[in-house]
Amino acid sequence: MSHILLLTNSRGSSVEVLPALELLNHQVHILPAEPTALLDADPADVVFLDARKDLVGARSLTQLLKATGLSSPLLLILTEGGMAAVSAAWAVDDIVLESAGPAEIEARIRLAISRTAHVEEPETEIRAAGVVIDEASYTARVNGEALNLTFKEFELLKYLAQHPGRVFTRQQLLTEVWGYDYYGGTRTVDVHVRRLRAKLGPDHEGLIGTVRNVGYRLTLTRLTEDELSDA
């Protein structure tokens, strides 16, 4: 059961505005179609606005509601003739005819809620044993201290951290980090790895491990001195 807020200047019940709504198992709260209506209202899953008799006023109200931060989906109730006036400028999530049946209204409510459901922001940070790599700001930190990395050093560290435990050959790293059109030798990777280890410091240099005769990997376990030596 959803909490439905119906904004209307009709003096009757919701039956007069959207008859089929009464046939559904939802909690319906009716308030005047005014800009201040939402100030004291409980949060609603869906807001219906009655635009059957006042299209101009409804358009102004929809824009005002969205501009003031209405997070619930906003559905407009229209007559057949009113549909010709609606455009994207109305800032509504959906429209429904006053004559719509219960099955259609239920579907529109369900779809409106699912479309506006909170989507968690993707994580932009990669964390590995005290090292935090922030893809959004192109920064890396060790125990809160920022590392002074060049762009390619950052890209190399980020790429390895995105695939922990996986071993990459020098040629693979050149292709993925430097690009297909890079003509430098694989020794470039070795140089950047050494610089990264130096900047990570003695407590974290072991994150980038050498797999002899193969390449490099990022590991979350401390490596021995032999394992840290260059191949």
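A word on the packing of aromatic side chains. Counted by the stated rule, this structure contains three aromatic pairs. Here the aromatic rings of Tyr138 and Phe154 are separated by 5.1 Å at their centres, their planes lie at 45°, and the arrangement is tilted. Here Tyr138 is found in the loop between β7 (131-134) and β8 (139-142), whereas its partner Phe154 is found in helix α4 (residues 151-162), with 16 residues between them in sequence. For Phe154, a relative accessible area of 3% puts it in the buried group. Every member of this aromatic cluster is reached through a ring pair, and the members are Tyr138, Phe151 and Phe154.

A few words on the pattern of salt bridges. With the rule as written, the count across this model stands at nine salt bridges. We note a salt bridge from Arg52 to Glu98, for which the minimum N-O separation is 3.5 Å. Of this pair, Arg52 sits in the loop between β3 (46-50) and α2 (55-67) while Glu98 sits in the loop between β5 (94-97) and α3 (102-115), and the two are 46 residues apart along the sequence. Overall, Arg52 belongs to the buried group, its relative accessible area being 15%.

Within this model, the largest pocket holds a volume of roughly 210 Å³. Of all the elements in the fold, those that place two or more residues in the lining of the largest pocket are β3 and α2. Tallied by class, residues from the lining of the largest pocket come to five nonpolar, four polar and five charged.

This paragraph deals with the nonpolar core. Counting residues in hydrophobic clusters, the biggest one holds 27 residues, and the most contacted among them are Ile133, Leu156, Leu157, Leu173 and Ile208. Listing elements by their share of this core, those giving two or more residues are β6 (125-128), β7, β8, α4, α5 (170-178), α6 (187-200) and β12 (215-218). Broken down by element, this core gets its largest block of residues, six residues, from α4. Listed in part, the 18 residues of the second largest apolar core include Ala41, Leu61, Leu70 and Leu76.

Now for the side chain of His26. Residue position: His26 is located in the loop between α1 (14-17) and β2 (27-31). In this structure the side chain of His26 is engaged in a polar contact, spanning 2.7 Å, whose partner is the side chain of Glu106. Excluding residues within four positions of it along the chain, His26 makes contact with Met1, Ser2, Ile4, Glu106 and Ile109.

What counts, and at which threshold
Residues numbered from 1 in each chain as written. Predicted model: local features only at pLDDT ≥ 70, side-chain atom pairs only at ≥ 80, totals over all residues. Heavy atoms only, no water. Phe/Tyr/Trp six-rings, centres within 6.5 Å; stacked < 30°, edge-to-face > 60°. Helix = DSSP H or I, 4+ residues; strand = E, 2+ residues; numbered from the N terminus. Buried < 20%, exposed > 50% of the residue type's maximum accessible area, 1.4 Å probe, protein only. Salt bridge = Lys/Arg side-chain N within 4 Å of Asp/Glu carboxyl O. 1 Å grid on protein atoms, 1.4 Å probe; cavity = no way out; pocket = protein on both sides within 12 Å on 5 of 7 lines; lining within 4 Å. Points joined across faces, edges and corners; volume = space filled by probe spheres on them. Nonpolar A, V, L, I, M, F, W, Y, C, P; charged D, E, K, R; others polar. Core = buried A, V, L, I, M, F, W, Y, C linked by side-chain atoms within 4.5 Å. Polar contact = N/O pair within 3.5 Å; in protein donor to acceptor, adjacent residues only side chain to side chain. Contact = heavy atoms within 4.5 Å.

Interpretation note: all reported values are geometric properties and have no functional meaning in isolation.
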